[in-house]
Amino acid sequence: MSNSPAAADTKLSPAFGRFSFSLRDAGTLIGLVVIMAVFATLVPGFLSERNLVNILQQSSINACLALGMTLVIISGGIDLSVGPTAAISAVITATLLLSGTPVPLAILAGLGIGMACGFINGVLVAYVGLQPFIVTLGTLSTYRALALIYTGGNPVLGIPAGFRSLFNGNLFGIPMPVLIVAVVALAAWVLLKKTPIGEYLLAVGGNEEAAYVAGVPIARTKITAYVISGGLAALASLILIGRLGAAEPILGNLWELDAIAAAAIGGASLMGGKGSILGTILGAIILGTMRNGLTLMNVQAFYQLLATGLIILVAMMIDRATRGRE
Amino acid sequence: MTPRLRFEAISKRFPGVNALSDVSFDVAPGEIHGLLGENGAGKSTLLRILSGVFRPTSGSMFVDGENVSFRKPMDARGAGIAMIHQELQQVPHLSVAQNMFLGHPLTTVGGLFVSRREQERRAAQALSMIEPGIDPAAPISSLKVAQRQIVEIARALLDRARIIAMDEPTSSLTPSEFERLAEVITKLSASGVTIIYVSHKMDEVFRICQRASVMRDGKLVGAVDVQTASHQDVITMMVGRELMQEQHVSHATATVKLEARGLSSLTKIRDASFKLHRGEVLGIAGLVGSGRTELLRLLAGADRLTAGAIDIDGKTVNLRNPRDAISAGIGLVPEERKREGIIPVRSVTINMALASLGSFSKAGIIQGGKLRNTAEDLLRRVNLRPFQLDRPIRLFSGGNQQKAIIARWLASKSQILLFDEPTRGIDVGAKAEIYHLIEALAADGHSIVVVSSELPEVIRLSDRVLVMRDGRIAAEIARADLTESAIVAHAIPGANTGRPPAPAA
């Protein structure tokens, strides 16, 4: 057999693989464009540069959480504890800053606390063998309680300007939170597409039994996902307290739901084994756009909630319908 | 007379494979009709169409002359068709009666409450016709497999089934349990129920069926009158070529590659000792449940040893998990490909590379070019078809999925390959390819263990065969003495001193 036709075959497809712009991501992007087009006709000035940057800024915290959530979901798990993880990390970082700890050290401590919370989740899932939903439901309450106990329920006020300026500035006209999340997204993309860890995440979520027989380090892979999720929850909380100047122990309430929604809209399958970094980012922007547009239209909060819920359901139905034809 | 069941030009296509093409035959009322064929011949697909799980791509079915078309399993049930699966589909902690009424419980007060007592009474009634000893209130998990099968049959009677299809009903039965089942089937047939009996065991079909249809590669290759046909005729029809008659060539050397010394485990393996040589193909035969798969899993590091040791190249290795086994050069090609073999949505390339991603990476980043070159090289060597390296593995046929798993262990440079039922669910053409691959691997100096339920396969491939029984190695048979009856004689409990079971034809 001549090699050339087969070689041509295999040369074509990786080109698509490298840009990794899947059909599913294209669908999410179309969804975003449609939603934006609708708001553009309804709200004057919706497409102004300032408002678009605003949308990105407003989406950044959820996008940050959703990236970690995507990796956990791909591994076949779920992380319900991201909000309380963020809260613990926020109040500890804020306390450290107030006690005069140097800013870089306080940031490292905050991220470390988040990763430790994730590590506990991961160990309970991977070694103790509990179900991810139950583990993180338990730590959802536990971590929240710890944050409340630690602060006595009071907010930590007066975060120094040196810390806040890190997260409030602009670089080339782009807000720092957006840049930070963009860098994180790029790193997550490389992790998922280019490293053995990424393949292990997809394999463990795609078929854990087969991955085990093929020698994939199951426990290490799962723990990695939860540690990253915890770390990114902490990062999201740092962005938030940088903006607000205060850390509340009740911060991050219901964050997990938005993060799961963004990942699901972006194509992550809650059965595991599937998910897209680009899709998740687009999913987070879709949710941010909805909120921004409806607020500009002065729609009541109740209806905003309704619209968000419907968007999630419609996205999932479209997803189901298109996958059914495969 | 109107046939009870008629298939007319039934075809079924799946992505990448023609599971059935143009299958037509009739079955009379009260007939026990055998459906014969190798694994992957299309028997199960045909049964799934009959029982409403799949819809045919084209063709039609008639029950008692009436054209039927099932959208879901309940439709088939309503038309009087009952299916008894190889893997019994029962809920273990429910009672016998609850299982028999699963999905359509007997209720009182307009459907509000389940009437357990009435269910148990009716279940006992149905059971009394075939096996009165079973208590309808007992949890189904307390019954033996053979009894659970009887429960399924009784359930079919409750549904007033006119057609009962049985898929490999004896794969985990002992000979005496088979006799009991044969009695029950004969009784049912006398009362006018049509039985479709699917098996690849010729003896059984010759023993209880009146006629048989033989399938191969998704096609009906012929109908056999069991009274007049010979075993050899049927084998030739099933296999279609001289696959099993090909010359066996041994590449075994005298070098011991692996030695198992007194292996025991919680998974029922007891005191198993054997040697595996370089270039050797070692067959492992035995009944389902005799511990063959469990022995392979011990060697593959998937289960833990409780006693004994495994030496590779003369050095004892500690296999705590599959990773350890892989670094010791052992790779497992598992029986249940879907469950333990493949990551369905990932590409065939990634599935191949999964066990050796580290060797394709530099500084934690996978080298795409290196991965691709290896994939092209190895997947061409195993003759993957279609040769599309980025295609999700689930879209490939069973045989080609199997080739990718074999390539996985070539990529990780494993020297010892363990095959568990290497051709289960694989069509005949690919089967020959897998055989040739196994031989080529042995010729290359790999050491190979093959577990198989198909005796012709074990005999075709092995240089030497271990027969397992109740978790122990009951016998070792050299190539020169290798016959089906020799294997069977050692495989059946209590039979190695007595006579081998008499062939029925």
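What you see is a predicted model; the values in this text were computed from it and never measured.

About the thresholds
- Residues numbered from 1 in each chain as written.
- Chains lettered and ligands numbered in written order.
- Predicted model: local features only at pLDDT ≥ 70, side-chain atom pairs only at ≥ 80, totals over all residues.
- Heavy atoms only, no water.
- Helix = DSSP H or I, 4+ residues; strand = E, 2+ residues; numbered from the N terminus.
- Rg over C-alpha atoms; globule rule 2.2 N^0.38 Å.
- Buried < 20%, exposed > 50% of the residue type's maximum accessible area, 1.4 Å probe, protein only.
- Contact = heavy atoms within 4.5 Å.
- Areas by Shrake-Rupley, 256 points an atom, 1.4 Å probe, with all protein chains shown as cover.
- Lys, Arg positive; Asp, Glu negative; His and termini not counted.
- Charge placed at Lys NZ, Arg CZ, Asp CG, Glu CD.
- Pairing = 2+ DSSP bridges.
- Axes fitted to C-alpha atoms, helices over the stretch in contact; angles between N-to-C directions.
- Salt bridge = Lys/Arg side-chain N within 4 Å of Asp/Glu carboxyl O.
- 1 Å grid on protein atoms, 1.4 Å probe; cavity = no way out; pocket = protein on both sides within 12 Å on 5 of 7 lines; lining within 4 Å.
- Points joined across faces, edges and corners; volume = space filled by probe spheres on them.
- Nonpolar A, V, L, I, M, F, W, Y, C, P; charged D, E, K, R; others polar.
- Expected span 1.5 Å × (residues − 1).
- Polar contact = N/O pair within 3.5 Å; in protein donor to acceptor, adjacent residues only side chain to side chain.
- pLDDT = per-residue confidence, 0-100.
- Phe/Tyr/Trp six-rings, centres within 6.5 Å; stacked < 30°, edge-to-face > 60°.
- Lys NZ or Arg CZ within 6 Å of the ring centre and 35° of its normal.
- Buried area = accessible area lost by both parts, 1.4 Å probe.
- Domains from an automatic or database assignment.
- Core = buried A, V, L, I, M, F, W, Y, C linked by side-chain atoms within 4.5 Å.
- UniProt positions renumbered as here; feature names shortened; annotations may be inferred.

1. A few points about the overall build of chain B
- A count of helices and strands for chain B gives 17 helices and 24 strands.
- Against the compact-globule benchmark of 23 Å for 505 residues, chain B has a radius of gyration of 24 Å, which places it among compact chains.
- Once the C-alpha set of chain B is aligned to its principal axes, its extents read approximately 70 × 55 × 50 Å.
- Among the 505 residues that make up chain B, the fraction classed as buried is 54%.
- Sequence separation of at least 24 residues holds for 66% of the intrachain contacts in chain B that already meet a minimum separation of 6.
- For chain B, the exposed surface amounts to about 21000 Å²; the carbon and sulfur share of it is 50%.
- Once the 62 positive and 54 negative side-chain charges of chain B are each reduced to a mean point, those two points are 6 Å apart.

2. Some points on the sheet that holds strand β14 (residues 272-277) of chain B
Residues and elements named next belong to chain B.
- In spatial order, the strands read β14-β13-β16-β17; together these 4 strands make up an open sheet with antiparallel pairing. At either margin of the open sheet sits one strand with a lone partner, and together these are β14 and β17 (315-317). Going across the sheet, the axis of each strand differs from the next one's by a mean of 20°, ignoring polarity.
- In this structure, strand β13 (residues 256-265) lies alongside β14, joined through 5 bridges in antiparallel fashion. Within β14, the residue paired with leucine 258 across the bridge is leucine 276.
- Its contacts with the sheet put helix α9 (residues 292-299) on β13, β14 and β16 (305-312), and the angle it makes with β13 is roughly 115°.

3. Structural notes on the pattern of salt bridges
Residues and elements named next belong to chain B.
- In this structure the tally under the stated criterion is 34 salt bridges over all chains.
- The salt bridge partner of arginine 4 is aspartate 64, with a shortest N-O separation of 3.0 Å. Of the two residues, arginine 4 is situated in the segment before β1 (5-14) and aspartate 64 in the loop between β4 (58-63) and β5 (66-68); the sequence distance between them amounts to 60 residues.
- Residue arginine 4 is classed as buried on the basis of its relative accessible area, which comes to 11%.
- A network of salt bridges, in which partner residues are shared, links Arg297, Asp303, Glu336, Arg339 and Glu340.

4. Section: empty space enclosed by the protein
- The final tally for this structure, using the stated rule, is 2 cavities of 30 Å³ or more.
- Here the largest cavity is characterised by a volume of approximately 40 Å³.
- Lining the largest cavity are Val213 of chain A together with Ala300, Ala302, Pro322, Ala325, Ile326, Ile330, Gly331 and Leu332 of chain B.
- Of all the elements in the fold, those that place two or more residues in the lining of the largest cavity are α10 (322-327) and β18 (330-333) of chain B.
- Here the residues of the lining of the largest cavity sort into 8 nonpolar, 1 polar and no charged.
- In this structure, the second largest cavity encloses a volume near 30 Å³.
- Around the second largest cavity sit Thr293, Leu296, Arg297, Leu332, Pro334, Glu335, Glu340 and Asp420 of chain B, which together line it.
- If you tally residues by element for the lining of the second largest cavity, the top one is α9 of chain B, at 3 residues.

5. What to know about helix α13 (residues 277-296) of chain A
All names here are of chain A.
- Between its first and last C-alpha, α13 extends 29 Å over 20 residues, near the 28 Å set by a 1.5 Å rise per residue.
- In terms of residue burial, α13 counts as a mostly covered element, since 16 of its 20 residues are buried.
- The opening residue of α13 is serine 276, an N-cap whose side-chain oxygen sits 3.4 Å from the backbone nitrogen of leucine 278.
- Positive backbone phi, at 60°, marks asparagine 298, one or two positions downstream of α13.

6. Things to note about the confidence of the model for chain B
- Per-residue confidence for chain B gives a mean pLDDT of 88, with 94% of residues at or over 70.
- The weakest mean pLDDT in chain B belongs to helix α8 (residues 231-239) of chain B at 76; the strongest belongs to strand β22 (residues 447-451) of chain B at 97.

7. Considerations on the packing of aromatic side chains
- Summed over all chains, the structure comprises 4 aromatic pairs over all chains.
- Note on phenylalanine 163 of chain A and phenylalanine 167 of chain A: the rings are 5.0 Å apart at their centroids and 50° apart in plane angle, and the pair reads as tilted. With phenylalanine 163 of chain A and phenylalanine 167 of chain A both in helix α7 (residues 161-168) and 4 residues apart, this pair spans about one turn of that helix.
- Under the relative-accessibility criterion, phenylalanine 163 of chain A is labelled buried at 0%.
- On the accessibility criterion, phenylalanine 167 of chain A (5% relative accessible area) is buried.
- Against the face of phenylalanine 396 of chain B rests arginine 391 of chain B, its NZ or CZ located 5.1 Å from the ring centre.

8. Brief notes about the pairing of β13 of chain B
Residues and elements named next belong to chain B.
- Counting buried residues along β13, 7 of its 10 residues qualify, which places the element largely inside the surrounding structure.
- Where β13 folds back on β14, the antiparallel hairpin that results is connected by 6 residues, among which lysine 268 adopts a positive phi of roughly 75°.
- Strand direction decides the pairing type here: β13 and β16, joined by 6 bridges, are antiparallel. In the strand pairing of β16, arginine 261 is matched with alanine 309.

9. A short note on the interface of chain B and chain A
- If you look at the interface, chain B gives 36 residues, while chain A gives 30 residues.
- Interface area for chain B against chain A, summed over the two sides, is near 2600 Å², with a carbon-plus-sulfur share of 59%.
- Of all residues in chain B, Arg323, Ile343 and Leu354 of chain B bury the most surface against chain A, accounting for 20% of the area lost on that side.
- Counting across the chain B and chain A interface gives 1 salt bridge.
- Salt-bridge contacts for arginine 346 of chain B lead to glutamate 199 of chain A; the nearest nitrogen and oxygen are separated by 2.8 Å.
- Counting every contact that joins chain B to chain A gives 7 residue pairs in polar contact (both at pLDDT 80 or more).

10. What to know about the pairing of β1 of chain B
Residue and element names in this part refer to chain B.
- Pairing between β1 and β4: 5 bridges, direction antiparallel. Across the sheet, glutamate 8 pairs through a bridge with serine 60, a residue of β4.
- Pairing of β1 with strand β2 (residues 17-27), which is carried by 7 bridges, proceeds in the antiparallel orientation. Residue pairing for β2: lysine 12 is matched across the bridge by leucine 20.

11. Focus: the domain arrangement of chain B
- Looking at chain B, the domain boundaries give domain 1 (5-244), domain 2 (252-329 + 415-505) and domain 3 (343-413).
- Just the C-alpha atoms count here: the centres of domain 1 of chain B and domain 2 of chain B sit 32 Å apart.

12. Some remarks on the sheet that holds β18 of chain B
All names here are of chain B.
- On the basis of which strands lie adjacent, the open sheet formed by 6 strands has the order β18-β21-β22-β15-β23-β24 and mixed pairing. The two strands at the open ends of the sheet, each matched to only one other strand, are β18 and β24 (472-478). Sheet twist, expressed as the mean angle between neighbouring strand axes with direction ignored, is 20°.
- In this structure, strand β15 (residues 281-286) lies alongside strand β23 (residues 464-469), joined through 5 bridges in parallel fashion. Within the sheet, the bridge partner assigned to glycine 286 lies in β23 and is methionine 468.
- In this fold helix α14 (residues 398-411) packs onto β18 and β21 (416-420), with an angle of close to 175° to the strand it touches most, β18.
- Strand contacts of helix α17 (residues 484-491): β15, β23 and β24, with the helix running at about 30° to β23, the strand carrying the most contacts.

13. Section: the nonpolar core
- Among the nonpolar cores identified, the biggest contains 80 residues, and Leu65, Leu67, Phe163, Ile241, Leu251 and Trp255 of chain A are the most heavily contacted of them.
- With 12 residues, the top contributor of residues to this core is helix α3 (residues 49-74) of chain A.
- Residues contacting leucine 251 of chain A, with those up to four places away along its chain left out, are Gly83, Ala86, Ala87, Ala90, Arg144, Ser237, Leu240 and Ile241 of chain A.
- Core analysis: the second largest hydrophobic core is formed by 52 residues, Val348, Leu354, Leu437 and Ile448 of chain B among them.

14. A closer look at the UniProt feature "transmembrane region" (unreviewed entry) in chain A
Residues and elements named next belong to chain A.
- Per the UniProt entry, the sites bearing "transmembrane region" (unreviewed entry) are residues 26-47, 59-76, 105-127, 171-192, 223-247, 259-289 and 301-318 in this numbering.
- Its end C-alpha atoms 21 Å apart, residues 26-47 is made of 77% helix and 0% strand.
- The span residues 105-127 is 96% helical and 0% strand by assignment, and the distance between its end C-alpha atoms comes to 31 Å.

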